[in-house]
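# Descriptive analysis of the structure
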Amino acid sequence: MSVAMPEPDAAVLARRDHIVAALSAIVPGEGVIASELAMRPYEADGLTAYRALPMVVVLPETTEQVSRILAYCHREGVKVVPRGAGTSLSGGALPLTDGVLLGMAKFNRIREIDYDNRVVVAEPGVTNLAVTQAVEHAGFYYAPDPSSQIACTIGGNVAENSGGVHCLKYGMTTNNVLGCELVLMTGEIVRIGGPHLDAGGYDLLGIITGSEGLLGVVTEITVRILKKPETARAVLVGFTQSEDAGECVSRIISAGIIPGGMEMMDRPAIHATEEFVHAGYPLDVEALLIVELDGPQVEVDHLIARVEAIARECKAVTCKVSASEQERLLFWAGRKAAFPAVGRISPDYYCMDGTIPRAKLPLVLRRIRELSERYGLRVANVFHAGDGNLHPLILYDANKPGELDKTEQFGAEILKLCVEVGGVLTGEHGVGVEKRDLMPAMFSEIDLAHQQRLKCAFDDRGLLNPGKVFPTLHRCAELGRMHVHAGRVAFPDIPRF
């Protein structure tokens, strides 16, 4: 099995030594990595089933260096793949054998903290958690909190529009980014948005957030920070059936209650997590909800009572409210460690990412269970239940012939199911190469052609992160026609491991 990527450009590969020398002149010292051994850490991102060695890796430290690198690559027709911390689970940072891998890890400084305007200006290599750590002493925090927040970077969060356990109430990355500095493929540096709440004109910031590195390279991000709530308490609610937990989610939201976070785990995920973190999760239930209420204490107390009543109506068998801040954090520590915890009970797992209408949770859970039986593969379910973002973890063993193929087929069925019930292919992990060939399940060819026209407005030569998102790559000149079948670029296979 393999994933198709753009045909390597033999002419570019023939000029590799010249390209390396030119990049070394722009980023001197240890800023260019060209040996095979030293480039191995960059051959894959979090979707480790697919790997490719980049032609060269360059690690700039300034916006001016990024501008010069992109201008040079645009002039010479060299492809560029931007990369943050490499935690992408969709293959968004998968390198190209004839492309430059542009690592942004050295952009790791917080440039400004403005408490009066409640904003932080950070470079893209700053980790998600580091933003909160920089402001928590003043009673502030950054709301989006992916489970990988200790490692994933703000730049990568912008590329994928990452969420987290608290995105239900406080929004995804797109709801918390106010501005950015962007370098286009031509080397031009532009600023979009700023420390103000909103800007006039086209919503270019909304286009950049979630664009998966196809439109430009972000070198600075302005994010909003929030005042820490007066009170926050979490409730663990256990159910004997996953469908009852799904019903509880729907009823809580329909009652007009918007929790700070609402997460769901099934039995395999609960047991794996409890053995790993010892968070105090009940082990005699089939599904567990973590519901957090925050705000003034009197409001939190009232909402907790309402959530408990709704849970009982939905046949909850256990209900435990955090008695201290330490216990609340422990509840969440378990959920955020779910992915590594599941890694302890299976040689490999495939982390899915689709989003559905909340009311469809019971149906989708039942269908996933049926698919699990049909494919003979176990599934540990971990959901951002409040906003319908599913993360089924398909357990498999890559050492068994054909099992990875079967796992990917299973995963594709889950994503098609999400679309079938009115949802979408991704919630926060992005399309990358993982879901690229499933895009026609959601979009028509006309839809995809219009999306590619937008890319062409930013990247007229198609040099930024090619082979990602779009199942068929059209040359920009061909997209000027209504009939866009001509001009397709062939994708050869990249080995999968």
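Note that the structure is a prediction, hence the values are computed from the model and not measured.

## Remarks on the sheet that holds strand E11 (residues 217–224)
If you walk across this open sheet you meet the five strands as E6-E7-E11-E9-E10, and the pairing is antiparallel. This sheet does not close on itself; its edge strands, each paired only once, are strand E6 (110–114) and strand E10 (189–193). Strand-to-strand twist of the sheet, defined as the mean angle between neighbouring strand axes without regard to direction, takes the value 10°. The sheet contact formed by strand E7 (residues 119–122) and E11 spans four bridges and is antiparallel.

## A few points about the pairing of E6
Summarising the sheet, E6 and E7 pair through four bridges and their orientation is antiparallel. Across the sheet, Ile-113 pairs through a bridge with Val-120, a residue of E7.

## Examining the side chain of Glu-403
By the secondary structure assignment, Glu-403 is in helix H15 (residues 403–420). As a buried residue without a salt bridge, Glu-403 has its nearest oppositely charged side chain in Lys-400, at a separation of 4.6 Å. Once residues lying within four places of it in the same chain are set aside, the contact partners of Glu-403 are Leu-377, Tyr-396 and Asp-397.

## Some thoughts on the pairing of strand E4 (residues 79–83)
Most of E4 sits out of view: five of its five residues are buried. Every second residue of E4 is oriented toward a common face, with Lys-79, Val-81 and Arg-83 on one face and Val-80 and Pro-82 on the other, all of them buried.

## Considerations on helix H14 (residues 361–375)
Between its first and last C-alpha, H14 extends 21 Å over 15 residues, near the 21 Å set by a 1.5 Å rise per residue. Within H14, the full set of buried residues consists of Leu-361, Pro-362, Val-364, Leu-365, Ile-368, Leu-371, Ser-372 and Tyr-375. After H14 finishes, the residue Gly-376 shows a positive phi value of roughly 70°.

## Side note on the layout of surface pockets
By volume, the second largest pocket is sized at about 790 Å³. Thr-132, Tyr-141, Arg-328, Leu-329 and Lys-336 are, among the 29 residues lining the second largest pocket, the residues nearest its centre. At the level of elements, helix H5 (128–135), strand E8 (140–141), strand E13 (231–239), strand E15 (287–295) and helix H12 (325–336) are the ones that each hand at least two residues to the lining of the second largest pocket. Here the lining of the second largest pocket is composed, by residue class, of 12 nonpolar, seven polar and 10 charged.

## A short note on the sheet that holds E4
Here four strands make up an open sheet; going across it, the order is E2-E3-E5-E4 and the pairing mixed. Looking along the sheet, the strands with just one partner apiece sit at the ends: strand E2 (32–33) and E4. Where strand E3 (residues 56–58) meets strand E5 (residues 99–103), three bridges bridge the pair, whose relative direction is parallel. Within E5, the residue paired with Val-56 across the bridge is Val-100. Running over the sheet, helix H4 (residues 63–76) touches E3, E4 and E5 and is turned about 170° from E5.

## Topic: the packing of aromatic side chains
Scanning the entire structure with this criterion turns up four aromatic pairs. A centroid spacing of 6.3 Å and a plane angle of 85° characterise the contact between Tyr-141 and Tyr-170, whose relative ring orientation is edge-to-face. Of this pair, Tyr-141 sits in strand E8 while Tyr-170 is found in helix H7 (residues 167–170), placing the two residues 29 residues apart along the sequence. By relative accessible area, which is 16% here, Tyr-170 ends up buried.

## What about the state of the cysteines?
Tallying each qualifying case throughout the model produces one disulfide. Cys-180 forms no disulfide, and the closest cysteine sulfur to it belongs to Cys-152, at a distance of 18 Å. Under the relative-accessibility criterion, Cys-180 is labelled buried at 5%. Looking at Cys-314, it has no disulfide partner, and the nearest cysteine sulfur is the one in Cys-248, 4.5 Å off.

## Some thoughts on the packing of helix H2 (residues 16–26) against H4
Each packed pair of helices is defined by two parameters, the angle between the axes and the distance between the axes. Here H2 crosses H4 at 155°, and the two axes come no closer than 10 Å. Here H4 runs roughly antiparallel to H2, going by the angle between their axes. Viewed along their axes, H2 and H4 form a crossing whose handedness is right-handed. Where H2 approaches H4, its residues His-18, Ile-19, Ala-22, Leu-23, Ala-25 and Ile-26 are matched on the opposing element by Gln-65, Arg-68, Ile-69 and Tyr-72. Grouping the amino acids of the contact of H2 with H4 by side-chain chemistry returns seven nonpolar, two polar and one charged.

Here is what the cut-offs are and how they apply
Residues numbered from 1 in each chain as written. Predicted model: local features only at pLDDT ≥ 70, side-chain atom pairs only at ≥ 80, totals over all residues. Heavy atoms only, no water. Pairing = 2+ DSSP bridges. Helix = DSSP H or I, 4+ residues; strand = E, 2+ residues; numbered from the N terminus. Axes fitted to C-alpha atoms, helices over the stretch in contact; angles between N-to-C directions. Buried < 20%, exposed > 50% of the residue type's maximum accessible area, 1.4 Å probe, protein only. Lys, Arg positive; Asp, Glu negative; His and termini not counted. Salt bridge = Lys/Arg side-chain N within 4 Å of Asp/Glu carboxyl O. Contact = heavy atoms within 4.5 Å. Expected span 1.5 Å × (residues − 1). 1 Å grid on protein atoms, 1.4 Å probe; cavity = no way out; pocket = protein on both sides within 12 Å on 5 of 7 lines; lining within 4 Å. Points joined across faces, edges and corners; volume = space filled by probe spheres on them. Nonpolar A, V, L, I, M, F, W, Y, C, P; charged D, E, K, R; others polar. Phe/Tyr/Trp six-rings, centres within 6.5 Å; stacked < 30°, edge-to-face > 60°. Disulfide = S-S within 2.5 Å. Parallel < 35°, antiparallel > 145°, perpendicular 65-115°, else oblique. Left-handed = near helix turned anticlockwise from the far one by under 90°.

Interpretation in functional terms is not warranted from these geometric data alone.
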